[in-house]
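Spelled out from the first residue to the last, the chains are:
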Amino acid sequence: MIGALLAGLTICAANCSRFEFINLKYTLPTECTAAYSPSIGKDLVVGESSEEVLRKVGKPNEAIKEKGYTYYVYFVQPYFLQEVGGKYLGACSSGPYTDSSMYYVTFAADKRIESIMYYMLAGAASQQVKVPGADGLLLPATLYQPRGCSTERKPGIVLLHGWLDEGATDTELGGGANLFAEQGYVVLLPLMRGWGGGHNDCGLSQPADTTRMIEWLASQPGVDPDRIGVVGFSFGGQVALLTGALSHRVKAIVSYFGPTNLVSRNAQLPWYHWLPKACRSDLKSRSPVSVASRIKAPVLLIQGDADTTVPPEQAQEMEQAMWKSGGNVQLYIVSGVGHSSALSIDAWSVTQRFLEANLGKPSCVQTLHATNPSPQPTPRALEPQ
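Here's what I pulled together on the structure shown here.

So, how was this worked out
- Residues numbered from 1 in each chain as written.
- Predicted model: local features only at pLDDT ≥ 70, side-chain atom pairs only at ≥ 80, totals over all residues.
- Heavy atoms only, no water.
- Helix = DSSP H or I, 4+ residues; strand = E, 2+ residues; numbered from the N terminus.
- Buried < 20%, exposed > 50% of the residue type's maximum accessible area, 1.4 Å probe, protein only.
- Areas by Shrake-Rupley, 256 points an atom, 1.4 Å probe, with all protein chains shown as cover.
- Salt bridge = Lys/Arg side-chain N within 4 Å of Asp/Glu carboxyl O.
- Pairing = 2+ DSSP bridges.
- Axes fitted to C-alpha atoms, helices over the stretch in contact; angles between N-to-C directions.
- Parallel < 35°, antiparallel > 145°, perpendicular 65-115°, else oblique.
- Left-handed = near helix turned anticlockwise from the far one by under 90°.
- Contact = heavy atoms within 4.5 Å.
- Nonpolar A, V, L, I, M, F, W, Y, C, P; charged D, E, K, R; others polar.

## Focus: the overall build of the protein
The helix and strand inventory of the protein stands at eight helices and 15 strands. Sorting the 385 residues of the protein into buried and exposed places 55% on the buried side. For the protein, the computed accessible surface area is about 16300 Å², with 51% contributed by carbon and sulfur atoms.

Here it is in structure tokens:
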């Protein structure tokens with residue numbers, strides 16, 4: 001679903017008008033009725049053919065084909081309006097926003113179900129928190145937790161944003177944090193140093209901050225301290241990789257189009273004039289390739305082959321550096337896309353499989369109507385600084 005939201009795919013139930021990205025000045029979508037009940041989940045089975053699914057379940061609300069995969073979307077309660085990057089994606093609504101949900105079925109090339117994902121677009125339980133940086137600086141963050149789950153320990157993810165506009169106080173990754181939480185992860189989405197407070201030194205301090213955040217997340221009620229991953233986008237991908245060389249708790253790292261060798265990048269294109277002057281020296285210390293041998297966690301690199309901001313050679317250099325040091329690394333190239341556009345449906349599926357393989361499949365998946373849902377745990381208070 002993250003690909004549908006971020007790539008701007010149109011989604012709408014079968015009996016209502018189709019809407020793409022719209023502005024509020026235009027007419028908003030009208031309500032319509034969803035065709036499927038929550039019980040549809042029991043009829044979706046990994047390994048079954050698309051023909052069998054159509055026979056048992058019926059025609060999906062939306063069928064999407066992308067790069068050899070086919071995706072069926074079955075709405076349980078379609079959502080009404082979703083903000084994405086300051087624009088709005090209109091869809092349909094047949095019930096309270098808090099009940100919005102869908103099943104997302106992925107078919108491989110052989111037309112058999114490869115994965116079944118459940119999304120509750122109303123979002124996970126979230127709360128604003130303050131998390132410690134390396135020097136005691138408190139940074140604002142949002143903690144996302146699956147709703148209606150027991151108190152059993154769940155894997156955790158620190159989700160790192162990319163370079164934000166000056167003065168930004170929020171990120172566009174809230175939807176991604178919700179999706180991870182809906183799959184059973186506890187997600188910490190911070191504003192990194194330079195945006196949430198303190199001085200931005202472009203990768204020297206943020207990895208140490210993230211290490212402290214990981215320790216904080218590992219100490220929270222309901223989080224398994226032995227199953228923590230870091231996922232970062234662009235600059236956040238760079239920080240995620242650098243963090244992997246510092247923290248023994250990191251068990252999985254995903255870097256979406258993150259720069260890895262600032263020395264070679266600067267040789268290709270002189271360092272961007274809009275970066276702080278303090279960031280234009282000691283590029284090696286900010287380059288993940290320089291610490292590749294110290295990264296013990298498995299790494300997934302996702303990169304668009306048409307990216308001109310962070311060229312694919314950056315991911316390839318990181319892959320080679322980790323191979324040479326005996327590291328565990330995978331490189332997934334998304335064809336025909338540029339920077340930030342690598343957030344495709346297939347890349348999201350690869351990310352999910354990678355995290356499940358290295359953090360374990362979450363045993364708690366958010367459900368539409370949980371039986372006697374347990375209260376969400378309250379974050380532990382920060383220790384006096």
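Next comes the rest of the write-up.
## Details of the environment of Thr308
Here Thr308 shows up in the loop between strand S14 (299–304) and helix H7 (312–324). The sequence separation of Thr308 and Gly338 amounts to 30 residues, and the corresponding C-alpha distance is 6.6 Å.

## Looking at the pattern of salt bridges
Under the criterion given, the structure shown has nine salt bridges. Look at the salt bridges and you will find they share partners, linking Asp135, Arg193 and Asp209 into a network.

## Some points on the pairing of strand S9 (residues 138–145)
Among the eight residues that make up S9, six are buried, leaving the element largely enclosed by the rest of the structure. Strand direction decides the pairing type here: strand S8 (residues 125–132) and S9, joined by eight bridges, are antiparallel. When the sheet's bridge partners are listed, Gln128 is paired in S9 with Thr142. Where S8 folds back onto S9 in an antiparallel hairpin, the turn is made up of five residues, including Gly136, whose phi is positive at roughly 90°. By the bridge criterion, four bridges tie S9 to strand S11 (residues 186–190) in an arrangement that is antiparallel. Bridge pairing in S11 links Ala141 to Pro190.

## A closer look at the packing of helix H4 (residues 206–218) against helix H5 (residues 235–244)
Here H4 crosses H5 at 70°, and the two axes come no closer than 8 Å. When the axes of H4 and H5 are compared, the pair comes out roughly perpendicular. Relative to H5, the crossing made by H4 is right-handed. Judged by residue contacts, Gln206, Pro207, Thr210, Thr211 and Ile214 of H4 engage Phe235, Val239, Leu242 and Thr243 from H5. For the contact of H4 with H5, the class distribution of residues is five nonpolar, four polar and no charged.

## Some thoughts on unusual backbone geometry
Despite not being glycine, Ser234 has its phi angle at roughly 55°, a positive value. Considering the arrangement of structural elements, one finds Ser234 in the loop between strand S12 (223–233) and H5. Judged by its relative accessible area of 15%, Ser234 is buried. You will see that Phe257, though not glycine, has its phi angle at about 40°, which is positive. Relative to the assigned elements, Phe257 resides in the loop between strand S13 (250–256) and helix H6 (262–268).

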